[in-house]
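Chain and residue survey
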Amino acid sequence: MTSFRLVSCFVFALFMLVSAQAIVLAKDVVKPSPAKSIPSEISTNGIVWQKNLSQAKSLARKSKLPLLIDFSADWCGWCHKLDRDCFQNPTIQRQIKNKAVFLKMNIEASNENKKTYDQTGATGLPLVMIYSLSADDKLHEKGRIESYLPPERFLARVTNYF
């Protein structure tokens, strides 16, 4: 009976040690990343992404192109998948890069981004909104994609709005 107790104590101690280590590792993995300071525009192999709503609206007005806003958040896995599978897809890039002004908005990066997202009435991410711009600088919704779509379906949907 004593060897059984000794083994049980050893197994319990080992379990506690492994559990404590797992908790320490999990804290490092789950730690949210702070909102990053980002430049006014970035290029993703052909698509030039604006990072500022007023600049994007100005560019859309001057170019007479629709404004496509990609709303996302750092924690949104489907947003990252949409970006990888669709916006970084060379075939999609070639077909849409000159058809709109593109704006990425991390809804956690600023109050302006969150307010713009809230005005859409959407309740989830990812969210892609396509707008036309009126002469009085107001956005008018042309269409929306409210979830992840595979590349072929995304391309078919988004090109309907241009």
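Up top you'll find the structure we're talking about.
Positions within a chain are numbered from 1, following the residues in the order the chain's sequence is written. A pLDDT threshold of at least 70 governs which residues receive local features in this predicted model, and a stricter bar of 80 or more applies before side-chain atom pairs are shown or counted, although totals over entire chains, interfaces and linings include all residues. In computing side-chain values, all of the structure's heavy atoms are included and hydrogens and water are not.

1. Focus on the overall build of the protein
Secondary structure elements follow DSSP: runs of H or I no shorter than four residues count as helices, runs of E no shorter than two count as strands, and numbering proceeds from the N terminus. Along the backbone of the protein there are 6 helices and 6 strands. What you see in the protein, going N to C, is helices and strands ordered as α-β-β-α-β-α-α-β-α-β-β-α. Within the protein, counting contacts between residues at least 6 apart in sequence, those at least 24 apart form 61% of the total. A 1.4 Å probe and the Shrake-Rupley method give the accessible areas. Residues count as covered only by the protein chains that appear here. For the protein, the computed accessible surface area is about 10,200 Å², with 58% contributed by carbon and sulfur atoms. Any two residues whose heavy atoms approach within 4.5 Å at even a single point are treated as in contact.

2. Some points on the state of the cysteines
The disulfide definition used here is simple: a pair of cysteine sulfur atoms within 2.5 Å. Counted under the stated rule, the structure contains 1 disulfide. With its sulfur 2.3 Å from that of its partner, Cys76 forms a disulfide with Cys79. As the torsion about the S-S bond is roughly 80 degrees, the Cys76-Cys79 disulfide counts as right-handed. Note on accessibility: Cys76 and Cys79 belong to one class, buried. A 1.4 Å probe rolled over the protein chains alone gives each residue an accessible area, and that area as a share of the maximum for its type sets the label: buried under 20%, exposed over 50%, partly exposed in between.

3. Section: the pairing of strand 5 (residues 127-133)
The buried fraction of strand 5 amounts to 5 of the 7 residues, a majority that puts the element mostly inside the structure. Across 5 bridges, strand 3 (residues 67-72) lies against strand 5 in antiparallel orientation. Paired with Leu68 across the strands is Ile130, a residue of strand 5. Strand pairing requires that DSSP identify at least two bridges connecting the strands. Between strand 5 and strand 6 (residues 139-145), which pair antiparallel in sequence order, lie 5 residues; one of them, Asp137, sits at a positive phi of approximately 70 degrees.

4. Considerations on helix 5 (residues 111-119)
Every buried residue of helix 5 is accounted for by Asn113, Thr116 and Tyr117. Seen along its axis, helix 5 keeps its buried residues to an arc of 100 degrees; they face one direction. Exposed and oriented more than 90 degrees from the buried face of helix 5 are Asn111, Lys115 and Gln119. Buried residues belonging to helix 5 abut helix 2 (53-63), strand 3, strand 4 (101-106) and strand 5. Positive phi appears at Gly121, one or two residues downstream of helix 5, with a value of about 80 degrees. Taking the helix axis as origin, the arc is that swept by the directions to the C-beta atoms.

5. Side note on the layout of surface pockets
Put simply, the second largest pocket is a space of about 200 Å³. Both site types are read off a 1 Å grid over the protein atoms alone. A 1.4 Å probe that fits but cannot get out defines a cavity, while an open set with protein on both sides within 12 Å along at least five of seven lines defines a pocket; lining residues have an atom within 4 Å of a point. Lining the second largest pocket are Leu53, Glu112, Lys115, Thr116, Gln119, Thr120, Met129, Tyr131, Leu139, Glu141 and Arg144. Broken down by element, the residue count for the lining of the second largest pocket peaks at 4 residues, all from helix 5. Counted by class, the lining of the second largest pocket contains 4 nonpolar, 3 polar and 4 charged residues. Grid points are joined across faces, edges and corners, and a volume is the space filled by probe spheres set on the points. Gly counts as polar in this scheme, as do all residues outside two lists: the nonpolar Ala, Val, Leu, Ile, Met, Phe, Trp, Tyr, Cys and Pro, and the charged Asp, Glu, Lys and Arg.

6. A few points about the side chain of Gln93
Tracing the backbone through its elements, the reader meets Gln93 in helix 4 (residues 90-96). Definition of a polar contact: a pair of N or O atoms within 3.5 Å, with one able to donate and the other able to accept a hydrogen when the atoms are protein atoms, and with sequence-neighbouring residues admitted only if both atoms are side-chain atoms. Reaching out from Gln93, the side chain makes a polar contact with the backbone oxygen of Phe87 at a distance of 2.8 Å.

7. Re the packing of aromatic side chains
Any pair of aromatic rings gets described here by the distance separating the centres and the angle formed by the planes. Only the six-membered ring of Trp is used, alongside the rings of Phe and Tyr, when aromatic pairs are assigned; centres must lie within 6.5 Å, and planes under 30 degrees apart are stacked while those over 60 apart are edge-to-face, with the rest tilted. Counted under the stated rule, the structure contains 5 aromatic pairs. Through successive ring pairs, a cluster of aromatic residues spans Trp49, Phe87, Phe102 and Phe154. Any Lys NZ or Arg CZ that is within 6 Å of a ring centre and within 35 degrees of that ring's normal is treated as a charge sitting over the ring. One residue, Lys104, lies across the ring of Trp49, its end atom 4.1 Å from the ring centre.

8. Digging into helix 6 (residues 151-159)
Taken residue by residue, helix 6 has Pro151, Phe154, Leu155 and Val158 as its buried positions. The buried residues of helix 6 occupy one face: seen down the axis, they fall within an arc of 95 degrees. Among the exposed residues of helix 6, those pointing more than 90 degrees away from its buried face are Glu152 and Arg153. For helix 6, the secondary structure elements touched by its buried residues are strand 3, helix 3 (77-87), helix 4, strand 5 and strand 6.

The values are spatial; any link to function lies outside them.
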